[in-house]
Amino acid sequence: MSRFTRPDWISAQRVQLDSRLALADAVGPQHGVSAQELADLLPNLRSVHAELGRRRASGELGFYQLPGQDITPVLEAANWVRDGFDNFLLVGIGGSSLGPKAAHAALRSPLYNLLSREERGGPRLFLLENIDPVTVSAVLRHLDPARTCVNVVSKSGGTAETAANYLVAREWLEKSVQNPREHLIATTDPANGDLRPLAEREGWRTLPIPPDVGGRFSQLAAVGLLPAAVCGIDIAELLAGAHDMDLRCATPDLDTNPAYRLAALHYLADTRHGKPMAVMMPYADGLRSLADWFVQLWAESLGKERDLSGKIVHTGQTPLPALGASDQHSQVQLFVEGPNDKLITFLRVEHFAEAVQIPSLHGDVGSLAYLGGATLERLLNVEQAATEAVLRERQRPTLRLTVPELNPFAMGQLFFLFEVMTAFAGGLYGINAFDQPGVEHGKRLTYGAFGRAGYPDLMGGGGK
Ligand code: PA5
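Quick caveat: nothing in here was measured; it's all calculated off a predicted structure.

Chemist: How should the site of the ligand be read in this particular structure?
Modeler: Around the ligand, a shell composed of 14 residues is seen, among which Ser-96, Ser-154, Ser-156, Thr-159 and Gln-296 lie nearest. At 2.8 Å, a backbone N or O of Lys-155 approaches an oxygen atom of the ligand. Taking Ser-156, its side chain carries an N or O atom lying 2.7 Å from an oxygen atom of the ligand. Out of a free accessible area of 380 Å², the ligand has 91% covered by protein chains. Of the residues that constitute the shell around the ligand, the class distribution is one nonpolar, nine polar and four charged.

Chemist: What is the right way to read the nonpolar core from this model?
Modeler: What tends to happen in soluble globular proteins is that the nonpolar side chains get buried as a cluster. Counting residues in each nonpolar core, the largest one holds 95 residues, and the members touching the most others are Leu-290, Leu-414 and Phe-418. Take this core: its biggest share by element is 14 residues, from helix α18 (residues 408-429). Each of domain 1 (3-55 + 238-433) and domain 2 (65-233) accounts for three or more of the residues forming this core. Contacts of Leu-414, omitting those with residues within four sequence positions, involve Val-15, Leu-287, Leu-290, Leu-347 and Val-403. Counting 20 residues, the second-largest nonpolar core is a separate cluster that includes Leu-89, Leu-140, Val-150 and Leu-195.

Chemist: What exactly am I supposed to notice about the pairing of strand β2 (residues 87-91) here?
Modeler: Across a regular strand the side chains alternate sides, sitting on one face of the sheet and then on the other. Among the five residues that make up β2, five are buried, leaving the element largely enclosed by the rest of the structure. Burial along β2 is two-sided: the face carrying Asn-87, Leu-89 and Val-91 and the face carrying Phe-88 and Leu-90 are both buried. By the bridge criterion, five bridges tie β2 to strand β3 (residues 124-128) in an arrangement that is parallel. From the neighbouring strand, Val-91 faces β3, where its bridge partner is Leu-128. Where β2 and strand β4 (residues 148-154) come together, five bridges link them in parallel fashion. Residue pairing for β4: Leu-90 is matched across the bridge by Asn-151.

Chemist: Looking at this structure, how should I read the domain arrangement of the protein chain?
Modeler: Accessible area lost when the parts come together is the quantity often used to give the size of an interface. What the domain assignment lists for the protein chain is domain 1 (3-55 + 238-433), domain 2 (65-233) and domain 3 (439-464). Put simply, the middle of domain 1 and the middle of domain 2, counted by C-alpha atoms, are 29 Å apart. Every contact between the two is made by 24 residues of domain 1 and, on the other side, 20 residues of domain 2. At the boundary of domain 1 with domain 2, total buried surface from both sides reaches about 1900 Å², with 74% on carbon and sulfur atoms. Put simply, the parts of the chain that give the side of domain 1 that touches domain 2 at least two residues each are α12 (235-248), α14 (288-302) and α18. No other element matches α14, which puts eight residues into the side of domain 1 that touches domain 2. Residue composition of the side of domain 1 that touches domain 2, grouped by class: 13 nonpolar, seven polar and four charged.

Chemist: Honestly, the packing of helix α6 (residues 98-107) against α18 in this entry has me stumped. Any pointers?
Modeler: In a pair of packed helices, the angle between the axes and the distance between the axes together describe the arrangement. As a packed pair, α6 and α18 sit with axes 10 Å apart at the nearest point and diverge in direction by 145 degrees. The two elements α6 and α18 meet at a crossing, and its hand is right-handed. In this structure, α6 contributes Gly-99, Ala-102, Ala-103, Ala-106 and Leu-107 to the contact, and α18 contributes Pro-408, Met-411 and Phe-415.

Thresholds, definitions, all that
- Residues numbered from 1 in each chain as written.
- Predicted model: local features only at pLDDT ≥ 70, side-chain atom pairs only at ≥ 80, totals over all residues.
- Heavy atoms only, no water.
- Near = heavy atom within 4 Å.
- Polar contact = N/O pair within 3.5 Å; in protein donor to acceptor, adjacent residues only side chain to side chain.
- Areas by Shrake-Rupley, 256 points an atom, 1.4 Å probe, with all protein chains shown as cover.
- Nonpolar A, V, L, I, M, F, W, Y, C, P; charged D, E, K, R; others polar.
- Core = buried A, V, L, I, M, F, W, Y, C linked by side-chain atoms within 4.5 Å.
- Buried < 20%, exposed > 50% of the residue type's maximum accessible area, 1.4 Å probe, protein only.
- Helix = DSSP H or I, 4+ residues; strand = E, 2+ residues; numbered from the N terminus.
- Domains from an automatic or database assignment.
- Contact = heavy atoms within 4.5 Å.
- Pairing = 2+ DSSP bridges.
- Buried area = accessible area lost by both parts, 1.4 Å probe.
- Axes fitted to C-alpha atoms, helices over the stretch in contact; angles between N-to-C directions.
- Left-handed = near helix turned anticlockwise from the far one by under 90°.

What follows is the structure in structure tokens.
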């Protein structure tokens, strides 16, 4: 019997939300959300839920469909990469790179690229995201083009940074390999943009990003699934976790739906309790990149000038990533004693993949002896609880998501949870969570400055 048909395995692996310390009962009525505020939100909650359901049914919100997709084409492409290459170079930015990085950091060794092929279980993973010439040169100088597969990932097929890095990587391939097209995979929209026709004309392998799935909601499409499968991550389990979270997020009930509860608490904290900052603070190195992914999702989706009726509203909490325990020696001072303007979400891992016992040495040295015999896992989680307790004493609201262990099922849950939370929060704010007009404007100015056809040079003077 598969473990996915075993309810006991699934319930033991579920991510759990504890929101008690975000409530007025715990941190007082000025900073905590009251039961009455949550109750008053119910009519709005039901209408946002109905609207999301309507858009989901009409196929407008494609991210909801991703847990049920056929992964055969991704697995075929991943096997081709695994059989033929030592290096997998992802060229993409924003929603086209942050999700793949988050999954890899959580589910592969922190020293993945340094391990032997047998230990890794797949090609090494490299990314060209930013257009920093030092990074790009260093990566390309290090890799052997003959042993490298380049995955160009762009939903629009035209983002300047990805286009530039692709052109640099393409020339690098051309100088060393006979058939560059046999080293290229495009992950892009099935119809729109320039990348798809180019790839098809030249005969590269291609994978689709469904038209109704936006960049930052695309981690569970081929954008994230291909690099994960290439590196040996079980993508069926990733999607099973997302599917399980989808079931938990199916009803407009703030007690049982963790995504809606998270969204409602963030929305009320922001709009009623002076909390314009949302901190995402995992206590696990492997989840630090997930915090970066969340930052993009929350900021780009909710930071909007206008609501759906066109009224100027300037919505959005400023998301901030932090890492426990490291940031206890940095940002936590601010969180505890600075402005009480944050809602902090802790991500806590109950069982780590490795156990490290702290040796009992130096029994006569007080600052060392007390640690002997404990585990690093226990120390990390006690420190998380201590930070939470201090913040509570200072009436600073916090939320806690507990992850039983870092596995693909858990990561699938987290990706889907935060996506539904964000979509739902967009509804509460009354804005469009799926566009990014502010970003698009900057893109157009850059195109114009570089003389791209169809884009006027509004900055003057030209870019090149
Ligand atoms: O969420 C988004 O839409 C953006 O952050 C995009 O992911 C980012 O701009 C990259 O776009 P593209 O995938 O079209 O190259």
